[in-house]
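# Observations on chain architecture
Each chain, letter by letter, is given below.
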Amino acid sequence: MSQKFSLVTCFIIFNVLVSISRADEICCCPNFQVKLKMEDPDGNSGTMPVTDNVGEGYKYVAKEDSNVMLSCDLIEKDHPAVKSVEYVFLKSYQMPASLLTLDTTNVVQLCGDSTDSTCTMSNVKYFANPGDDKESSANQIYQCKATITLIDDKLVKLWSHTSLLDVYVAPTYAPTQSFSKDDILEGKGYNKFECTLPDANPPVKPNWQYSPDDSNYEDVFTGRAARVAVLDDKIPSAVENQFSRGDMVLMVYTQAEDNGKFRCTGNWDPSPLTFEDYTNETISEHTTSSSTQSDNGALTLDVLSEIPSTTVFNVDSEVEFTVYVKDTPGRGIYQDVVYTWYEKNSEGTFQEMTLPTANGDLATTNEGRTLVVKDPFKYAASEFKMIATREVTGSDAEEAESAVLGPITSCNFCSKDSIRSYQRMVVYYLRRSDVFLDK
């Protein structure tokens, strides 16, 4: 059979989710596929894939100041029907409604139009807000486009899937801070223990431990889970002048369980990258002792911290939302706090959930303060909130309400519609080669 490309009939499916703009061969059509890859051109494992398949999306990580090579891999680029190929590499700090194009202000072109299928970025930089410097920030969303000129001078334009690049920056620790908290009143509503976390990407997590004698340390939640809140992520504006990310709040102080030493160690996980010279270090230490007097003062409910476990999920992963509230638990006339979780329904109002759900895809842990979403794809567009309530003998009940948590997204920079954006499929029925695709 002749392989004269201008006489064939082709049916081409462009699949934005997969990468892939794939041509299913009926006669002798080239099976074009485009995939964007990232790697360390120096072979130092400075760039690694976190997820690199259809179901989990595409994400890479690189060390700051390393080099990252982008490769626009075109399958069947050597097909006899191909005259030439030109490549374009684009990046954006926002997920677009469709493909990355240069007619939008947040898209930057890299390396220019070229017949070279690779583009190397040198000394990549991390910006907490990539939009502050879209030219210099490397932690953005990337896509490549291949423009194929056929032997009859018709054009085929294929876009790759989008890939997220995150840039890791190791923390630099200051000397350990030491504090003494003496004569704490028995039953005091709350006590704040500071832990100033160093800047890093991904963020350093606080790891709080306790020892009665500065020897054998255990997790701070052991034996006091209902009385401890470790603050991370979002601190509500109502209390942001009182508390900071990393702080540990110990509530209703109990001499028999709390006298001793609390310490906070930084917990930084750069996997899958390896930082040979990095070790987690102790940030602060707090020695505590109690008073012979008791605190019987008022307790006040306030939301302290709202923590999503992740904004990037895999097929089989779980997503958690944690809300910490002070002052808990109860004492005297103040009853223990009850945590109730709500989900926004189709009418836009929040409805109380019965947890765990019948099939177990939603449940709570951590004394009811953590909502576990075991099927993040099912609940990708869902929004939740938590309301903490407490009865007070002889007075009105207290209530504290969290901010809206969610929706779950598959990308650090994506909008709430990102899942649907990734799943968008555009189908082209091409009956004649002279209208092959010239858009």
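Residues numbered from 1 in each chain as written. Predicted model: local features only at pLDDT ≥ 70, side-chain atom pairs only at ≥ 80, totals over all residues. Heavy atoms only, no water.

Check the secondary structure of the chain and you find two helices and 29 strands. Relative to its 439 residues, the chain shows a buried fraction of 48%. A sequence separation of at least 24 residues applies to 68% of the contacts in the chain between residues at least 6 apart. Carbon together with sulfur atoms contributes 45% to the accessible area of the chain, which is approximately 20800 Å² in total. (Helix = DSSP H or I, 4+ residues; strand = E, 2+ residues; numbered from the N terminus. Buried < 20%, exposed > 50% of the residue type's maximum accessible area, 1.4 Å probe, protein only. Contact = heavy atoms within 4.5 Å. Areas by Shrake-Rupley, 256 points an atom, 1.4 Å probe, with all protein chains shown as cover.)

This part takes up the packing of aromatic side chains. Inspection of the entire model under this criterion finds nine aromatic pairs. Aromatic pair Trp-268 and Tyr-278: ring centres 5.0 Å apart, planes at 75°, arrangement edge-to-face. Of this pair, Trp-268 sits in the loop between strand E19 (260–267) and strand E20 (282–294) while Tyr-278 sits in the loop between E19 and E20, placing them 10 residues apart in sequence. Considering the side-chain rings of Phe-321 and Phe-384, the 6.0 Å spacing of their centres and the 45° angle between planes classify their relative orientation as tilted. Here the residue Phe-321 occupies a position in strand E22 (residues 319–326), and Phe-384 occupies one in strand E27 (residues 384–390), the gap between them amounting to 63 residues. Side by side, Phe-321 and Phe-384 carry an identical accessibility label, which is buried. Taken together, the ring pairs in this structure connect Tyr-173, Trp-268, Phe-275 and Tyr-278 into an aromatic cluster. The residue whose ring lies beneath Arg-224 is Tyr-210, and the NZ or CZ to ring-centre distance is 4.3 Å. (Phe/Tyr/Trp six-rings, centres within 6.5 Å; stacked < 30°, edge-to-face > 60°. Lys NZ or Arg CZ within 6 Å of the ring centre and 35° of its normal.)

Should the sulfur atoms of two cysteines be covalently bonded, the bond is a disulfide. Tallied over the entire structure, the rule returns three disulfides. Disulfide partner of Cys-72: Cys-144, at an S-S distance of 2.2 Å. Measuring the twist about the S-S bond at about 75°, one finds the Cys-72-Cys-144 disulfide to be right-handed. Taken as a pair, Cys-72 in strand E6 (residues 68–75) and Cys-144 in strand E10 (residues 141–150) lie far apart in primary sequence, 72 residues in all. (Disulfide = S-S within 2.5 Å.)

Counting across every chain of the model gives 18 salt bridges. Note that Arg-331 is salt-bridged to Asp-295, the shortest N-O span being 4.0 Å. Residue Arg-331 is located in the loop between E22 and strand E23 (338–344), and its partner Asp-295 is located in the loop between E20 and strand E21 (302–308); the two are separated by 36 residues in the primary sequence. With respect to class, Arg-331 is no different from Asp-295; both count as buried. Within the structure, one salt-bridge network assembled from shared partners comprises Arg-224, Arg-227, Glu-257 and Asp-258. (Salt bridge = Lys/Arg side-chain N within 4 Å of Asp/Glu carboxyl O.)

Time to look at the environment of Asn-201. Along the chain, Asn-201 turns up in the loop between strand E14 (190–193) and strand E15 (205–211). Asn-201 sits in the buried class, given a relative accessible area of 7%. Excluding its chain neighbours within four sequence positions, the residues that come into contact with Asn-201 are Tyr-126, Asp-166, Val-167, Tyr-168, Val-169 and Trp-268. Polar contacts involving the side chain of Asn-201 include one to the main-chain carbonyl oxygen of Val-167, which spans 2.5 Å. (Polar contact = N/O pair within 3.5 Å; in protein donor to acceptor, adjacent residues only side chain to side chain.)

One finds Leu-70, Phe-89, Tyr-142 and Ile-148 to be the most contacted residues of the largest nonpolar core, which totals 28 residues. No other element matches E10, which puts five residues into this core. Ala-200, Leu-250, Cys-264 and Leu-273 belong to the second largest nonpolar core, which has 24 residues in total. (Core = buried A, V, L, I, M, F, W, Y, C linked by side-chain atoms within 4.5 Å.)

With that settled, the discussion passes to the pairing of strand E25 (residues 362–365). Summarising the sheet, E25 and strand E26 (residues 370–373) pair through four bridges and their orientation is antiparallel. In the sheet register, Thr-365 faces E26, and the bridge partner there is Thr-370. A loop of four residues connects E25 with E26, the two strands running antiparallel in sequence, and Asn-366 in this loop sits at a positive phi of about 55°. (Pairing = 2+ DSSP bridges.)

Next up on the list: the sheet that holds E20. Note: strands within a sheet are paired through backbone hydrogen bonds, in either parallel or antiparallel orientation. Strand order in the open sheet made by the five strands is E13-E20-E19-E15-E16, with mixed pairing throughout. Of all the strands in the sheet, just strand E13 (177–186) and strand E16 (218–219) have a single pairing partner and so form its edges. As defined by bridge partners, E19 adjoins E20 across six bridges and the pair is classed as antiparallel. Along E20, the bridge assignment pairs Phe-262 with His-286.

Glancing now at the confidence of the model for the chain. Mean pLDDT over the chain: 81, with 81% of residues reaching 70 or higher. Overall, residues 1–27 carries pLDDT values under 50, and its contacts beyond four positions in sequence, including any with other chains, amount to 87 contacts. This model gives residues 410–439 a pLDDT under 50, and the stretch forms 82 contacts once residues within four places in sequence are excluded. (pLDDT = per-residue confidence, 0-100.)

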